[in-house]
Amino acid sequence: MTATVTVPAARATTAAPRRRIWSYWRFYLALSPFFLLFAVFGLYPMLSTIVLAFQRWDGLSARRFTGLDNFAFLVKDPTFWQSLENTVVLFLMSTVPTLVLALLLAVMLQSAVRFTNVYRIAYFIPNVTSLVAMAIFFSSIFSTNFGLVNAALRSLGIPQQDWLGQPWGIKIAISTMIVWQWVGYNTLIYLAGLQAIPKDQYEAAKVDGAGAVRTFFAITLPQLRPVVLFTVVMSTIGGLQTFTEPQVMVGNSGGTGQSGMTVVLFFYRAAFLDNDYGYAAAIALSIFALVLLFTAINWRIFRGRGEDR
C-alpha cells in the first residue's frame, strides 16, 4: 500500500516543475532571438577563435593542426612584446588623466548653477563623434608643419616637434585623442553618481567646519567608490583594445619604431595583412587574457573592503 501511494506522488512532484517551466514558453520564445544572435555572432566566433589558435590557416588552404606552435612563436615574437608595452603605456597615459579630469569636471559641474544642460551636451559630443574623423582631425592638429600644436609652440618661441615622427610624440598624440574622446562620457557618469549622494551629508560636514578638500576625500570619493570602479573597469577594457586611433594616425606599421603598434593593431596586421589567422587567433586570446588580468587587478584595488567578505 505504501509503495503504490508514494510512487505516483514522486512522479507528480517531478512533473510539476516541468509543467511550470513549460508554462513560460512564451517568455522563452520572446527571448530566443537574443540567444540565437548571440550563438551565431558571439558564441560561435569565440569557440572558433579558440580552435583556430591551435591551427595554421591562411584563409584559403586547408587548416592544419599545429598544437601550441602559435603560442610558442608569440612568446618569442619581439613585435608582440613591443605592442604589449605600447598598449600598457598608452593605457596609463590616457586612462589616468581621463578619469582624474572627468572627476574634477563632474565636481565643478555639480556646483554649477547656470547652463548645466549645455555643459552636459558639450561634454558628451566627442563620444558620439566618428572615431575615424577624430583621428584624422588630431592628425592635423599634431602635424609637423601646419598643426595647431606646433603653431602654439612657435608663438611661444619653442621649437616645433615632429609629433607623429618620434616615438613619444606618437604616444602623446594618441593618448591626447583618447582623453578628449572619453573625458566627457566619464564626467556624466560621475555626475550621476554625485547627484545620488545625500545632500544632508554635505550640510553636516559644513556644520562641522570641514573644507572643500576634506569634504571631497571624506564624503564624495568614498560615496563614489562603486562608480569609480565601474569607470575604471570599462576604461581598462576599452583602453587595452585601442586600435582605430593609431591605425588612422600612424598607419598599420605603428609609426616610427612601431611606437604606435598596439596589441589589437598587431592582431589586425597578422590577420588581414599577413593572412596568418591561426597566429592572429593566438594574439586575440592574449588580448582577452590581458584585459581579464588588468580588470581583475583594478577590481581588487578599487572595490570596498566590505565586499571581501
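Anything mentioned here points back to the structure above.
Residues numbered from 1 in each chain as written. Predicted model: local features only at pLDDT ≥ 70, side-chain atom pairs only at ≥ 80, totals over all residues. Heavy atoms only, no water.

**Some details on the overall build of the protein chain**
Using the following cut-off: Put simply, DSSP H or I for four residues or longer makes a helix, DSSP E for two residues or longer makes a strand, and each gets a number counted from the N terminus. Exposure classes here rest on a 1.4 Å probe applied to the protein chains alone. A residue is buried below 20% of its type maximum, exposed above 50%, and partly exposed in between. Residue contacts follow a heavy-atom distance rule, with two residues in contact if any of their heavy atoms lie within 4.5 Å. Areas reported as accessible are Shrake-Rupley estimates using a 1.4 Å probe. Residue values count occlusion only from the protein chains shown.
Helix and strand counts for the protein chain stand at 14 helices and two strands. For the protein chain, buried positions account for 35% of its 309 residues. Residue pairs in contact within the protein chain that sit at least 24 positions apart in sequence constitute 65% of those at least 6 positions apart. A total accessible area of about 18800 Å² is found for the protein chain, and carbon and sulfur atoms account for 69% of it.

**Considering the nonpolar core**
We count it as follows: Throughout, nonpolar core names a set of buried Ala, Val, Leu, Ile, Met, Phe, Trp, Tyr and Cys residues whose side chains join them through atoms within 4.5 Å.
Judged by nonpolar contacts, the single largest core of 19 residues is most densely connected at Leu240, Val263, Phe266, Tyr279, Ile283 and Ile287. Those elements giving two or more residues to this core turn out to be helix H4 (78-111), helix H13 (263-273) and helix H14 (277-302). The dominant element in this core, judged by the number of residues it contributes, is H14, at seven residues. Dropping the residues within four chain positions of it, Ile283 is found in contact with Leu74, Val263, Phe266, Phe267 and Ala270.

**Looking at the packing of aromatic side chains**
Quick note on the threshold: Note on aromatic pairs: the rings of Phe, Tyr and Trp (six-membered ring only in Trp) are paired at centre separations within 6.5 Å, and the planes decide the class, stacked below 30 degrees, edge-to-face beyond 60, tilted for the rest. Counted as over-ring charges are cases with an Arg CZ or a Lys NZ within 6 Å of the ring centre that also lie within 35 degrees of the ring normal.
Per the stated rule, a full pass over the model turns up 16 aromatic pairs. Note on Phe54 and Phe71: the rings are 5.4 Å apart at their centroids and 50° apart in plane angle, and the pair reads as tilted. Of this pair, Phe54 sits in the loop between helix H2 (25-52) and strand S1 (55-56) while Phe71 is found in helix H3 (residues 69-76), placing the two residues 17 residues apart along the sequence. On the basis of relative accessible area, Phe54 is assigned to the partly exposed category, the value being 28%. Note on Phe71: relative accessible area 22%, which makes it partly exposed. What links up through ring pairs into an aromatic cluster is the set Trp57, Phe243, Tyr268, Phe272 and Tyr277. The ring of Trp57 carries Arg63 above its face, with NZ or CZ at 4.4 Å from the centroid. Geometry around Trp168 places Lys171 over its ring, the cationic atom sitting 5.6 Å from the centre.

**Let's talk about the packing of H2 against H14**
Operational definition: All axes are obtained by fitting lines to C-alpha atoms, using only the stretch in contact for helices, and the reported angles, taken between N-to-C directions, cover 0 to 180 degrees. By definition in this entry, angles of less than 35 degrees are roughly parallel, angles greater than 145 are roughly antiparallel, angles of 65 to 115 are roughly perpendicular, and the rest are oblique. Handedness of a helix crossing follows the sense of rotation of the near helix relative to the far helix, less than a right angle counterclockwise being left-handed and clockwise being right-handed. Residues are grouped as follows: Ala, Val, Leu, Ile, Met, Phe, Trp, Tyr, Cys and Pro are nonpolar; Asp, Glu, Lys and Arg are charged; all remaining types, including Gly, are polar.
Packing of H2 against H14 leaves a shortest axis separation of 8 Å and a crossing angle of 115°. Between H2 and H14, the crossing angle belongs to the class labelled roughly perpendicular. Considering how the two elements wind past one another, H2 and H14 form a crossing that is left-handed. Every residue of H14 that contacts H2 at Thr49, Ile50 and Leu52 is listed here: Tyr277, Gly278, Ala281, Ala284 and Leu285. Residues of the contact of H2 with H14, tallied by class, amount to six nonpolar, two polar and no charged.

**Description of the side chain of Gln181**
Heads up, the condition is: Whenever two N or O atoms come within 3.5 Å, that pair is a polar contact, provided that in protein one can donate a hydrogen and the other can accept it, and provided that, for residues adjacent in sequence, both atoms are side-chain atoms.
Here Gln181 is to be found in helix H8 (residues 167-195). A distance of 3.2 Å separates a polar atom in the side chain of Gln181 from a polar atom in the side chain of Trp182. Ignoring anything within four residues of it in the chain, the contact list for Gln181 reads Pro126, Asn127, Leu131, Met134 and Glu245.

**Points about the side chain of Thr79**
With respect to the helices and strands, the residue Thr79 is situated in helix H4. Once residues within four sequence positions are removed from consideration, Thr79 is found in contact with Gln258, Phe266 and Arg269.

**Topic: a nonpolar patch on the surface**
For the record, the criterion: Here a patch means residues that are over 30% exposed by relative accessible area and free of salt bridges, tied together within 9 Å if like-charged and within 5 Å if nonpolar (Val, Leu, Ile, Met, Phe, Trp, Tyr). When a carboxyl oxygen of Asp or Glu lies within 4 Å of a side-chain nitrogen of Lys or Arg, that pair is called a salt bridge.
Residues Leu31, Phe34, Phe35, Phe38, Leu43, Met46, Leu47 and Ile50 make up a contiguous nonpolar surface patch of about 790 Å² in total accessible area. Position of Leu43 among the secondary structure elements: in helix H2. Using a relative accessible area of 38% as the deciding quantity, one classes Leu43 as partly exposed.

**Some words on the environment of Ala205**
Among the secondary structure elements, Ala205 is positioned in helix H9 (residues 199-207). For the pair Ala205 and Ile219, spaced 14 residues apart in sequence, the C-alpha to C-alpha distance is 8.5 Å. The residues touching Ala205, leaving out its near neighbours within four places in the chain, are Ala210, Thr215 and Ile219.

**Overview of the pattern of salt bridges**
When the charged atoms of two side chains with opposite charge come close together, those side chains can pair. One pass over the full model with this rule turns up one salt bridge. Residue Asp276 is joined to Arg56 by a salt bridge in which the shortest nitrogen-to-oxygen separation is 3.5 Å. Of the two residues, Asp276 is situated in the loop between H13 and H14 and Arg56 in strand S1; the sequence distance between them amounts to 220 residues. On the basis of relative accessible area, Asp276 is assigned to the buried category, the value being 17%. Judged by relative accessible area, Arg56 falls into the partly exposed class, the value being 41%.

**A look at helix H11 (residues 225-239)**
Short version of the rule: Here the expected length of a helix is defined as 1.5 Å per residue gap, with one fewer gap than residues.
For H11, with 15 residues, the first-to-last C-alpha span of 20 Å sits near the 21 Å given by 1.5 Å per residue. Residues Val227, Val228, Leu229, Thr231, Val232, Val233, Ser235, Thr236 and Gly239 constitute the buried set of H11. Where H11 is buried, its residues touch H4, H8 and H14.

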